[in-house]
Amino acid sequence: MASSDPAPAPSANRDNRLLLLRPEDNVVCVCANLAAGDTVSIDDGEITVPEDAAVGFKLARYDLAPGDKVLKYGAPIGSVTQPIAKGAVVHTHNLKSDYLPTYTLTGDTRFIEATP
Amino acid sequence: MITGYPRADGRKGIRNVILVAYLVECAHHVAREIVWPYRDQEVQLIGFPGCFPNAYAAKMMQRLTTHPNVGGVLLLSLGCEGFDKYSLRKTIKDSGRPVETLVIQASGGTRKTMEAGRAWVERTRALLDEQERVPMDLDELVVGTICGGSDGTSGLTANPAIGRAFDLMTARDMACIFEETGELIGCEQHMATRAATPDLAREIVASVAKAAKYYAVLGHGSFAPGNADGGLTTLEEKSAGAYAKSGASEIVGLIKPGDIPPSGGLYLLDVVPDGEVRFGFPNISDNAEIAELIACGSHIILFATGRGSVVGSAISPVIKVCANPVTYRKLEEDMDVDAGAILEGRRTLDQVGQEIFDLTQTVANGTATKSEALGHAEFILTYKSFEPIGPSCLPRAS
């Protein structure tokens with residue numbers, strides 16, 4: 001794929017390793033693998049990423065509190081269960097579905113319910 | 001302009017497949033052995049494993065064996081199973097296709113049935129290879145879409161790019177089908193605003209409510225561990241991303257497995273069974289949904305994947321649209337479209353949508369997809385039960 005293909009920056013966020021899908025969202029999407037300690041820009045602020053975040057994961061755009069709805073695509077995708085600092089990864093450890101529980105695999109071979 | 005094989009029912013096929021279909025698991029081995037020497041000559045295996053009859057499975061097998069991409073069918077029966085092989089054979093025969101039934105118990109057992117089956121396949125292949133393609137209009141093409149092995153990038157790149165391709169297709173009056181009401185939980189009110197009529201909107205909302213209830217009883221949504229490994233956290237997050245495959249067109253109908261769209265436009269396929277929860281999970285894996293899209297007449301399947309599914313399908317080619325640029329670099333030989341380029345600023349959504357639209361026509365004209373070239377021809381069919389669709393589901397047809 002030619003890297004010279006004309007394409008606008010994919011992100012409304014000025015750091016194009018992060019993608020803000022809708023202005024009302026309170027998470028940004030990770031577009032390039034990030035390592036703990038990397039510095040990224042969210043809106044106008046510089047943030048040091050506290051943990052590794054792979055492509056496809058989400059970072060908090062603001063500090064979030066338990067009970068807050070997380071918005072992505074402008075749509076609610078679940079409720080916050082633990083305080084989340086701006087820039088931290090938002091995932092099964094701090095966000096739960098408002099519909100059905102999320103199941104993940106651990107090291108053994110059984111399905112277990114993710115503990116939020 | 002594309003080309004296809006004309007069929008007696010007026011539809012045209014983009015492939016000329018011979019199906020060998022086992023009618024119970026007990027005939028599976030013999031059917032597979034018949035197919036094996038010809039697997040690179042458009043001879044493919046499908047079947048239903050159950051011994052006990054099921055109206056859904058019977059309808060699926062009727063629609064699949066008379067799909068426009070199918071040129072001829074060999075039915076493999078053990079002899080004592082419950083599947084109605086007589087009416088299936090009649091349906092295929094009435095469609096103008098060559099059909100043969102081999103009953104293992106009446107044909108001298110495994111070896112003799114295999115020999116008879118291979119001889120039939122060779123004769124029929126030679127016959128079908130004489131058929132010529134004829135011009136086919138784009139609006140004769142039916143395209144289905146599914147996502148599988150989704151991750152946090154699926155809803156950012158591959159799914160919305162397929163949505164753009166669907167918008168290009170419906171603008172040309174092609175029929176496009178998206179599905180898995182259980183993976184649209186949370187999107188039902190927005191879908192309702194896109195429905196052609198208020199009554200259809202109510203049917204769509206009800207179909208998602210049915211899916212939510214079904215999954216709640218089972219205690220497990222349509223969410224695999226790999227989805228969370230890829231950054232998806234909740235079912236509704238996965239839904240919002242999956243919904244992007246549908247594009248922005250008006251939704252003109254709600255269909256169920258085996259219902260063929262009566263016109264062009266965008267259709268939602270309700271894959272969740274009706275009535276009390278029976279027979280287990282609605283779709284035990286992606287290929288169960290692909291088989292249902294094909295039973296609705298889909299000539300081609302657009303498959304969005306982030307984690308990296310490698311499957312293809314019997315009957316209809318599968319175009320793999322890879323959402324995640326990291327996955328694409330790992331599995332490039334299996335992927336037809338690099339939608340992850342959008343995340344890296346190398347392509348735009350519109351460019352990838354156009355690429356999918358163009359590739360659909362190339363594949364329709366006979367070019368093999370990656371999964372076809374690698375020999376993928378997966379198929380699975382299990383028990384389900386459905387009521388017919390309601391009178392409001394196809395407002396244009398009435």
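Residues numbered from 1 in each chain as written. Chains lettered and ligands numbered in written order. Predicted model: local features only at pLDDT ≥ 70, side-chain atom pairs only at ≥ 80, totals over all residues.

Asker: Sorry, what's going on with the overall build of chain B here?
Answerer: Tallying secondary structure elements over chain B gives 13 helices and 14 strands in all. What you see for chain B is a C-alpha radius of gyration of 20 Å, in line with the 21 Å of a compact globule of 398 residues. Each principal axis of the C-alpha atoms in chain B carries an extent, and together these give about 60 × 45 × 45 Å. In chain B, which comprises 398 residues, the share counted as buried stands at 59%. Nonlocal contacts in chain B, meaning residues at least 24 apart in sequence, comprise 75% of its contacts between residues at least 6 apart. (Helix = DSSP H or I, 4+ residues; strand = E, 2+ residues; numbered from the N terminus. Rg over C-alpha atoms; globule rule 2.2 N^0.38 Å. Buried ≥ 20, exposed ≤ 12 C-beta atoms within 10 Å, placed from the backbone. Contact = placed C-beta atoms within 7 Å.)

Asker: So what exactly am I meant to see when it comes to the sheet that holds strand β9 (residues 175-179) of chain B here?
Answerer: Where strands meet in a sheet, backbone hydrogen bonds hold them as pairs that are either parallel or antiparallel. Residue and element names in this part refer to chain B. Read from one edge of the open sheet, seven strands run β10-β11-β9-β8-β12-β13-β14, paired in parallel fashion. Across the chains shown, the open sheet's two edge strands, defined by having one partner strand only, are β10 (251-255) and β14 (337-338). Helix α7 (residues 198-218) rests against β10 and β11 (265-269) of the sheet, and its axis sits at about 45° to β10. (Pairing = 2+ DSSP bridges. Axes fitted to C-alpha atoms, helices over the stretch in contact; angles between N-to-C directions.)

Asker: For this particular structure, what's the right way to read helix α2 (residues 55-65) of chain B?
Answerer: Within α2(B), burial applies to B:Tyr56, B:Ala57, B:Met60, B:Met61, B:Arg63, B:Leu64 and B:Thr65. Here the buried face of α2(B) lies against β3 (17-22), β4 (43-47), β5 (70-77), α3 (85-94) and α10 (286-295) of chain B.

Asker: What's the story with the sheet that holds strand β2 (residues 12-13) of chain B in this structure? I'm lost.
Answerer: Residue and element names in this part refer to chain B. Reading across from one edge, β2-β1-β7 is the order of the three strands in this open sheet, with antiparallel pairing throughout. The sheet terminates laterally at β2 and β7 (134-136), the two strands that pair on one side only. As judged from the two bridges shared by strand β1 (residues 2-6) and β2, these two strands associate in the antiparallel manner. Across the sheet, the residue bridging to Tyr5 is Gly13, located in β2.

Asker: What is the right way to look at the confidence of the model for chain A in this model?
Answerer: Where the model shows low pLDDT, its predicted coordinates should not be examined in detail. All names here are of chain A. Residues of chain A with pLDDT of at least 70 account for 77%, and the chain-wide mean is 82. With pLDDT under 50 throughout, residues 1-11 is counted as low confidence; its partners more than four residues away or in other chains account for 23 contacts. Scored below 50 in pLDDT, residues 107-113 makes five contacts in the model with residues more than four places away or belonging to other chains. (pLDDT = per-residue confidence, 0-100.)

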